[in-house]
Amino acid sequence: MADAGMMDLTHDREMLRTLYAPATGAFSMVDVPLLPFAVWDGEGLPELSSISTAIRNLYTAIYPIRRHARERMGKSFVEPPVELLYWADDMREWAAGHRNNWRWRAQITLPVWADARDLEDSAAEMRQELGLAAPLRWDAFAEGKCVQMLHIGHTDDVPVILERLYREYLPQAGLEPSGPYHEIYLDDWSRVSPAKRKLILRQPVRTRPN
Amino acid sequence: MNLTDAELLLLGLVAEMPRHGYEIEHALETRGMREWTQIGFSSIYFVLGKLEKAGLVLAAAPAGTKARKTFSITAAGNRVLLAQTVAALQTYRPTYSTLLLGMIHWPALSRDEALAALDGRLSSITAEIARLENLRRQRQPMPDHIEALFDFSASQLAAERSWITNTLDYMRSKPWPTQE
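Keep in mind that this is a model prediction, so the values were computed, not measured. (Residues numbered from 1 in each chain as written. Chains lettered and ligands numbered in written order. Predicted model: local features only at pLDDT ≥ 70, side-chain atom pairs only at ≥ 80, totals over all residues. Heavy atoms only, no water.)

### As for the overall build of chain B
Stage number 1. The helix and strand tally for chain B stands at 7 helices and 3 strands.
Stage number 2. When the elements of chain B are put in sequence order from the N terminus, they spell out α-β-α-α-β-β-α-α-α-α.
Stage number 3. In terms of overall size, chain B is more extended than a compact globule, its C-alpha atoms giving a radius of gyration of 22 Å where 180 residues would be expected to give roughly 16 Å.
Stage number 4. Along the three orthogonal principal directions, the C-alpha set of chain B runs to about 80 × 35 × 30 Å.
Stage number 5. Within chain B, the fraction of its 180 residues that count as buried is 33%.
Stage number 6. In chain B, once contacts between residues fewer than 6 apart in sequence are set aside, the share between residues at least 24 apart is 59%.
Stage number 7. Counting every atom, chain B has about 11,400 Å² of accessible surface; 59% of that belongs to carbon and sulfur.
Stage number 8. Between the mean site of the 19 positive side-chain charges and the mean site of the 19 negative ones, chain B shows a separation of 7 Å. (Helix = DSSP H or I, 4+ residues; strand = E, 2+ residues; numbered from the N terminus. Rg over C-alpha atoms; globule rule 2.2 N^0.38 Å. Buried < 20%, exposed > 50% of the residue type's maximum accessible area, 1.4 Å probe, protein only. Contact = heavy atoms within 4.5 Å. Areas by Shrake-Rupley, 256 points an atom, 1.4 Å probe, with all protein chains shown as cover. Lys, Arg positive; Asp, Glu negative; His and termini not counted. Charge placed at Lys NZ, Arg CZ, Asp CG, Glu CD.)

Set out below in C-alpha cells:
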C-alpha cells in the first residue's frame, strides 16, 4: 500500500473538480493536497518533440496500472491528464525566458494504491515498448497553496496571462512564487484545435515577506 | 444525408482542426484508423472533394503554388457530423460473420474436420486478442473514448472465444454416430 495521508481523488470528487476543473478567466486559490505521481524528468530546452516523447513514454510506462485501475475501480476511475512542471535552478533564467537552462518534468497522478513498487512493475511490463532506460520515478508530494486558472484557447495567449499573474495579481495579493510553474493539459493536442485546447495554469505561492 | 464510413471518418478529422490531406493521412496512420475502415491515401482527396461538393467542408486556397490545400468543416458539416455520430452510436447495425455460414454447413464436414476448423478459429481469435492488446500498448496515450473502443472489441472477441470453447466442449463430448 502507498503511504497513508494521501488524497484519494476518486473518493473526493469535490477536490477532483477543484484541482482539475477550475474556473476560466480568473485566478483562484487552491490548496493542493498530497498526491502520488508517476514522474518523468527532463532538462534543457523544452521542445515539443522531447516533451511529447516524454509524455508518450510516461503513459506507456503506466499503462498496466491504468488498465488495472479501470478494472478495479470501474466508473470511479478517471483518466488522469498529463502535467508539466517548469523551473530553472536560477529562477532569473526562468523569468528571462532562457529556455536552454530550464528543467522540467512530466507527471501523471496515480491511484493512491499504486506505490513505487507498482510503478516499477508496470514499467518493467512495458519494457519492450519503452526501449531505453527510463528517467521514471514514483513521487508523492503536496504542492500546497497555489494560484490557478483554466485557459481555453491558443497557448500564444499564455505569456500575457502569466505576465498579469506575476506582475499584478501576486504582488497585489501579497504573494510570491514558491515552486515550479505548472501546466495541466486537459486535451490531446493532436486531436483538439489550438483554439479549443484546455490548459490549467498553476503556480505554487507563499506569503511575501515584508 | 447519409455519409459513408470513410466520409464520416474524414469529416470528423477535419472537425477536430483544419487539416490538409497529408495531415489527415498522418492521423489515419498514427491512430490506426485503417482498423475501422478501408481508405487509401489516394482516396483521401477524392472523399474530401465529395464532402466539399456537398458543402460540408471548405478548402482554403493555397497561399503559394506549392502550398497544400487546407480543409476545414463548415456549419452544415458540423450539423451532419453531429447527426451522423448520434446515429452511429445509437443504432445497431448487424454485421454478419462468416462463422454463421460455417456453422450452417457444419454437417458437410466430417467430425474431425469440423472440430479442427473450430479449433483453428479459437487460435485465430486468441491471436487477434493478443494483436489488439499489443496495438493498445504501443499506441499509448489514448483518450478514454478510444480506450473504451478497444474495450468493446476486446469484450466481443472474449465473448466469441468463450462461445467457441463451450461449443467445442459440447461437440467433442457428444456421441457421434460413425458410418462404417
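### A look at the interface of chain B and chain A
Stage number 1. If you look at the interface, chain B gives 18 residues, while chain A gives 19 residues.
Stage number 2. Summed over both sides, the interface between chain B and chain A buries roughly 1,600 Å², with carbon and sulfur atoms accounting for 45% of that surface.
Stage number 3. Linking chain B to chain A there are 5 salt bridges.
Stage number 4. Across the salt bridge formed by B:Arg137 and A:Glu129, the nearest N and O atoms sit 2.8 Å from each other.
Stage number 5. There are 12 residue pairs in polar contact (both at pLDDT 80 or more) connecting chain B and chain A.
Stage number 6. Among the elements of the structure, helix H1 (5–16), helix H6 (111–138) and helix H7 (144–173) of chain B are those that each provide at least two residues to the side of chain B that touches chain A. (Buried area = accessible area lost by both parts, 1.4 Å probe. Salt bridge = Lys/Arg side-chain N within 4 Å of Asp/Glu carboxyl O. Polar contact = N/O pair within 3.5 Å; in protein donor to acceptor, adjacent residues only side chain to side chain.)

Just distances and angles here, no functional claims.
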